[in-house]
Amino acid sequence: MTYREAAGRIAGLLREAGIENETAESMFLMEFACGADRGFYLLHQMDEMPGEQWEKYRDAAAKRCRRIPLQHLTGEQEFMGLPFLVNEHVLIPRQDTEILAEEAIKILKDDCGSGKKVLDLCTGSGCIAVSLKTFCPETEVTACDISPEALAVAGRNAEYNHVEVEFLESDLFSGISGHFQMIVSNPPYIPSSVIPELMPEVRDHEPVRALDGGADGLYFYRKIIEECGDYLMSGGWLLFEIGYDQGAAVSEYMREHQFKDIEVIRDLAGLDRVVKGRRE
Ligand code: GLN
């Protein structure tokens, strides 16, 4: 069987399993399983694929057909141009979350003065915390999560990207002390009733505790807004990633809690994605 025939067969299996973009995915899997990247493929597509490569390719595709995310096979996902290790204990970094990281970086560079301290709540893989420290090295970054397994991944990601971040096991603010110029969070925000409708990759393979935001999806925003007063300095910024339909509710709750300069920022798809505001 040639590389091209192999790619065609795998694309067929992926399509039958309900996976979109089967052609692109068959190429990613070939690169991952056989080390044959696009350049190699273009030159050698009519060559015979060695038997042991086909076995590896087919095994990887079988996992993907069980809707295991590609990133769980490769163990990595890029975020903000940086490499992040992932496993089943953390949410795979999403491109949408780069909007939050970029907005936080902009504020840290323009507006926070020196001696900046930032807290990242629900850090998961650590993608936000590690990005902030990478792009704003003078900032002191603390990041927490309720899950020790997630913190193990986040710690490895800080090392992997050669930055120092303080990681703490903490249920929101329960284990936090000190004051911060900025608090950022991408908390779980999917309404519980929507979880069963998520794509199988997300629903069956990503940690539900990183997704489930309670009955209306807003549980963590309310808790953080109510409790941040002791930790966020006066004039300090609070930034959240939000679901596409949560901008009005989260802004309103921040307004009721004396936040000012509240703004909802859209993602590249034109959907509300980030809310920011500063403490009086
Ligand atoms: N955006 C993620 C998703 O759609 C959810 C992230 C979260 O709950 N913080 O799967």
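Draft legend 1. Seen up close, the environment of E263. Here E263 shows up in strand β8 (residues 259-266). The class for E263 is partly exposed, based on a relative accessible area of 42%. Through-space distance from the C-alpha of E263 to that of K276 is 5.4 Å; in sequence the pair is 13 residues apart. For E263, the contacting residues outside a window of four places in its chain are V274, V275 and K276.

Draft legend 2. Geometry of the site of the ligand. Taken together, L91, R94, N186, P187, P188, Y189, I190, A210, L211 and E241 form the complete shell of residues around the ligand. Within the side chain of R94, an N or O atom sits 2.8 Å from an oxygen atom of the ligand. Between the ligand and Y189, the relevant distance is 2.9 Å, taken from a nitrogen atom to a side-chain nitrogen or oxygen of the residue. Contact with the protein chains hides 86% of the accessible area of the ligand, taken as 300 Å² for the molecule alone. Taken together, the residues of the shell around the ligand break down into seven nonpolar, one polar and two charged.

Draft legend 3. Fine view of the packing of aromatic side chains. Scanning all chains against the criterion turns up six aromatic pairs. Here F79 and F84 contribute two aromatic rings whose centre-to-centre distance is 6.1 Å and whose plane-to-plane angle is 75°, an arrangement assigned as edge-to-face. The same class applies to F79 as to F84, namely buried. Over the ring of F180 we find K117, and its NZ or CZ is 5.2 Å from the ring centre.

Draft legend 4. Focus on the state of the cysteines. Under the defined criterion, the tally for this structure stands at zero disulfides. A disulfide-free cysteine, C144 has its sulfur positioned 6.6 Å from the sulfur of C122, the nearest such atom. According to the relative accessible area criterion, C144 is buried, its value standing at 0%.

Draft legend 5. Structural context of the environment of A158. When you line up the elements, A158 lands in helix α8 (residues 148-160). Distance from A158 to Y219, taken between C-alpha atoms, is 29 Å for residues 61 residues apart in sequence. Ignoring anything within four residues of it in the chain, the contact list for A158 reads V130, V163 and F167.

Draft legend 6. Representation of the pairing of strand β7 (residues 232-241) in the model. For β7, a buried count of seven out of ten residues is recorded, marking the element as mostly surrounded by other parts of the structure. By the bridge criterion, five bridges tie β7 to strand β9 (residues 272-279) in an arrangement that is antiparallel. Within β9, the position partnered with L238 by the bridge is G277.

Draft legend 7. The arrangement of the nonpolar core in detail. Within the largest apolar cluster, 29 residues are counted, with the highest numbers of intra-cluster contacts made by L132, M182, V184 and L239. Put simply, the parts of the chain that give this core at least two residues each are β2 (82-85), α6 (97-111), α7 (127-135), β4 (140-145), β6 (180-185) and β7. For this core, the element with the highest residue contribution is α6, accounting for seven residues. Once you skip the residues sitting within four places of it in the chain, L239 turns out to touch L100, E103, A104, I107, M182, I183, V184, S185, V275 and K276. Among the nonpolar cores identified, the runner-up in size contains 26 residues, and C122, F173, M254 and F259 belong to it.

Here is what the cut-offs are and how they apply
Residues numbered from 1 in each chain as written. Predicted model: local features only at pLDDT ≥ 70, side-chain atom pairs only at ≥ 80, totals over all residues. Heavy atoms only, no water. Helix = DSSP H or I, 4+ residues; strand = E, 2+ residues; numbered from the N terminus. Buried < 20%, exposed > 50% of the residue type's maximum accessible area, 1.4 Å probe, protein only. Contact = heavy atoms within 4.5 Å. Near = heavy atom within 4 Å. Polar contact = N/O pair within 3.5 Å; in protein donor to acceptor, adjacent residues only side chain to side chain. Areas by Shrake-Rupley, 256 points an atom, 1.4 Å probe, with all protein chains shown as cover. Nonpolar A, V, L, I, M, F, W, Y, C, P; charged D, E, K, R; others polar. Phe/Tyr/Trp six-rings, centres within 6.5 Å; stacked < 30°, edge-to-face > 60°. Lys NZ or Arg CZ within 6 Å of the ring centre and 35° of its normal. Disulfide = S-S within 2.5 Å. Pairing = 2+ DSSP bridges. Core = buried A, V, L, I, M, F, W, Y, C linked by side-chain atoms within 4.5 Å.

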